[in-house]
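Chain by chain, the residues:
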Amino acid sequence: MPIRNQNAKAMKKLQPETEAIRTQIPRSEFQEHSAPLYLSSSFVFDDAEDMRASFAEEKDRIIYSRYSNPNTSEWIEKVCKMEGAEAGFAFASGMAAVFSTLAALLDSGDHIISSRSVFGSTSTLFANIFPKWQISHSYFRHDRLQDIEGLIRPTTRLIYAESPTNPGVDVLDLEALGRLAKKHGLLLVVDNCFATPYLQQPLRFGADLVIHSGTKLMDGQGRVLAGITVGSAALIDKIYRFARITGPALSPFNAWLLSKSMETLAVRVDRHCENALKVAEFLEGHPKVNWVKYPFLKSHPQVELARKQMKAGGCVVAFEVQGGVDGGRTFFDGIGLLSLSANLGDTRSIVTHPASTTHSKLTPEERLESGITDGMVRISVGLEHPDDICADLARALDGVGA
Ligand SMILES: *Cc1c(COP(=O)(O)O)cnc(C)c1O
């Protein structure tokens, strides 16, 4: 499905923010300004020859929404342009993207080298699902890339990483990972969900594939689940062949919403980052807080690296409340305005307790290795006025240890 830029007279290369707004599927006979929703499972052929040629892939034709759909293609095209990728495929959720990407590329017996700090469901996928196909994994610490070479086996196929990490907001050196992957003939797959394609483009640093959960900042309004993988046309073709048979495709309705959301991604993310830095600075000065982590906070151990590879620090702040589990419970029960919820990247600020929710399936030792302590709180800073967000946090913290 060729996507045409509607701003046809703009000949020079456009900035990513402009691409996210102006990339649009061809207009219909009605000349609508905003792209319509193609809520259609299948598409019709002109005649027998058209039908045969379309299925033989002699034509770039939309056949069936499990394979492709105009709204889905538009969203993919926007993400590809922002990431600097040749091609992409969209999935029903971020985890469908993670699973399908790896399952499409790996064979039985293959080995993954992954950062220990990955999304909870991703580590459960490595631990409990992939062993069904004898796909094994080894972990390295986010700040010990020098351990990676020692983990490589003849069956190792790829390096998997997230940066910044969920929930610890640690930063991984993407350029160093890209060099290591290239040197050893491994693929580098990066989950770029926390940064969005606006703040960071891992392909520039040597990644082969970039995965996103569109559920988070890309939708940004807590409405849809979605996922996407982008990269070279050759790798995406393998993933596409796998996905068109196994059926994890994104719904056209969700793709339509997401494509609209991309138009405001840059302005929303700018404000998320501005608010998050204010919240991080507020927490850093609070007596009931043991430590605060935010990629662009001066005290973050990898602030220089974060500044090198990201435009701003993202929406997530991690911190530890005094008083362990009890302090955490008192804090959460004292929250009034913010939502106690598991999502992130929403207009509404959200507080989560990773140890008892998203990362509860990990053992306490595994959690500590991922930097998750019992009293750790993850805040996804939203778009409310930062004074109101800080006032709510202050009220909740006041109750701790009182
Ligand atoms: C949420 C998340 C996912 C999974 O996305 P879903 O859309 O919930 O399936 C994967 N990676 C990271 C870093 C996430 O935050």
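Here the structure is a predicted model, which is why all the values come from computation and not from measurement. (Residues numbered from 1 in each chain as written. Predicted model: local features only at pLDDT ≥ 70, side-chain atom pairs only at ≥ 80, totals over all residues. Heavy atoms only, no water.)

Caption draft 1: Layout of the side chain of T72. When you line up the elements, T72 lands in helix 3 (residues 70-83). Taking relative accessible area as the criterion, T72 reaches 7% and is therefore assigned buried. Excluding anything up to four places from it in sequence, T72 contacts A90, L250, P252 and A255. (Helix = DSSP H or I, 4+ residues; strand = E, 2+ residues; numbered from the N terminus. Buried < 20%, exposed > 50% of the residue type's maximum accessible area, 1.4 Å probe, protein only. Contact = heavy atoms within 4.5 Å.)

Caption draft 2: Representation of the site of the ligand. Around the ligand, the surrounding shell holds 13 residues, and the nearest of these are G94, M95, D191, T215 and K216. With respect to the ligand, the backbone of G94 contributes an N or O atom lying 2.8 Å from an oxygen atom. S213 has a polar side-chain atom sitting 2.8 Å from an oxygen atom of the ligand. Coverage of the ligand by the protein amounts to 92% of the 380 Å² it exposes when considered alone. Along the lines of polarity and charge, the residues of the shell around the ligand split into five nonpolar, five polar and three charged. (Near = heavy atom within 4 Å. Polar contact = N/O pair within 3.5 Å; in protein donor to acceptor, adjacent residues only side chain to side chain. Areas by Shrake-Rupley, 256 points an atom, 1.4 Å probe, with all protein chains shown as cover. Nonpolar A, V, L, I, M, F, W, Y, C, P; charged D, E, K, R; others polar.)

Caption draft 3: Looking closely at empty space enclosed by the protein. Within this structure, the stated rule accounts for one cavity of 30 Å³ or more. Estimated volume of the largest cavity: approximately 30 Å³. Lining the largest cavity, in full, are P164, V169, F194, P295, G313, G314, C315 and V316. Residue classes in the lining of the largest cavity are distributed as six nonpolar, two polar and no charged. Mapped onto the domain boundaries, the lining of the largest cavity takes at least three residues apiece from domain 1 (13-262) and domain 2 (265-398). (1 Å grid on protein atoms, 1.4 Å probe; cavity = no way out; pocket = protein on both sides within 12 Å on 5 of 7 lines; lining within 4 Å. Points joined across faces, edges and corners; volume = space filled by probe spheres on them. Domains from an automatic or database assignment.)

Caption draft 4: Spotlight on the sheet that holds strand 8 (residues 209-213). Pairing in this open sheet of seven strands is mixed, and the strands run 3-9-8-7-6-4-5 from one edge to the other. The open sheet has two free edges, formed respectively by strand 3 (87-91) and strand 5 (136-140), since each of these has just one partner strand. Within this sheet the neighbouring strands show an average axis-to-axis angle of 20 degrees, counted without direction. Where strand 3 and strand 9 (residues 227-231) come together, five bridges link them in antiparallel fashion. Looking at strand 9, one finds that F89 is bridged to T229. (Pairing = 2+ DSSP bridges. Axes fitted to C-alpha atoms, helices over the stretch in contact; angles between N-to-C directions.)

Caption draft 5: Local environment of the pairing of strand 7 (residues 187-191). Of all five residues in strand 7, four are buried; the element is thus mostly enclosed. Bridge count between strand 6 (residues 156-162) and strand 7: five bridges; the pairing is parallel. Bridging from a neighbouring strand, I159 pairs with L188 of strand 7. As a crossover connection, the stretch from strand 6 through helix 7 (residues 174-183) into strand 7 is right-handed. (Right-handed = clockwise from strand over helix to strand, strands pointing away.)

Caption draft 6: View of the packing of helix 4 (residues 94-105) against helix 5 (residues 120-129). Two numbers describe how helix 4 lies on helix 5: the axes approach to 10 Å, and their chain directions differ by 35 degrees. Helix 5 is crossed by helix 4, and the crossing has right-handed handedness. For the pair helix 4 and helix 5, contact is made by M95, V98, F99 and L102 and by S121, T122, L125 and F126, respectively. Across the contact of helix 4 with helix 5, the residue classes break down as six nonpolar, two polar and no charged. (Left-handed = near helix turned anticlockwise from the far one by under 90°.)

Caption draft 7: Inspection of a nonpolar patch on the surface at higher detail. Taken together, the side chains of L37, L39 and F253 make up a nonpolar region of the molecular surface, amounting to roughly 270 Å² of accessible area. Overall, L39 belongs to the exposed group, its relative accessible area being 62%. (Patch = residues over 30% accessible without salt bridge, like charges linked within 9 Å, V, L, I, M, F, W, Y side chains within 5 Å. Salt bridge = Lys/Arg side-chain N within 4 Å of Asp/Glu carboxyl O.)

Caption draft 8: Here's a closer look at unusual backbone geometry. In this model, S163 is joined to P164 through a cis peptide bond whose omega is -10 degrees. Within the secondary structure, P164 sits in the loop between strand 6 and helix 7. The phi torsion at E57 lies on the positive side, around 60 degrees, for a residue other than glycine. If you trace the backbone, E57 turns up in the loop between helix 2 (48-55) and helix 3. Owing to a relative accessible area of 41%, E57 belongs among the partly exposed residues under this scheme. We note that T196 has phi near 65 degrees; this positive angle belongs to a residue other than glycine. Its place among the elements puts T196 in helix 8 (residues 196-199). What makes T196 buried here is its relative accessible area of 1%.

Caption draft 9: Examining the environment of A20 more closely. Along the chain, the position of A20 falls in helix 1 (residues 16-22). Look at A20 and you get buried, because its relative accessible area is 1%. For the pair A20 and E74, spaced 54 residues apart in sequence, the C-alpha to C-alpha distance is 9.7 Å. Every residue in contact with A20, bar those within four places of it in the chain, is listed here: K78, M82, M262 and E263.

Caption draft 10: Spatial organisation of the pairing of strand 5. Summarising the sheet, strand 4 (residues 111-115) and strand 5 pair through five bridges and their orientation is parallel. Paired with H111 across the two strands is S136, which belongs to strand 5.

Caption draft 11: Layout of the domain arrangement of the protein chain. Annotation of the protein chain at the domain level lists domain 1 (13-262) and domain 2 (265-398). In this structure, domain 1 and domain 2 have C-alpha centres spaced 26 Å apart. Of the residues lining the interface, 41 residues belong to domain 1; the matching set on domain 2 comes to 40 residues. In total, about 3,300 Å² of surface goes out of reach between domain 1 and domain 2, with carbon and sulfur atoms giving 59% of it. Where domain 1 touches domain 2, the interface holds two salt bridges. For K293, the salt bridge identified is with D170, shortest N-O distance 2.5 Å. The tally of links from domain 1 across to domain 2 stands at 17 residue pairs in polar contact (both at pLDDT 80 or more). If you list the elements that add at least two residues to the side of domain 1 that touches domain 2, you get helix 5, helix 7, helix 8 and helix 10 (252-262). For the side of domain 1 that touches domain 2, the element with the highest residue contribution is helix 8, accounting for four residues. (Buried area = accessible area lost by both parts, 1.4 Å probe.)

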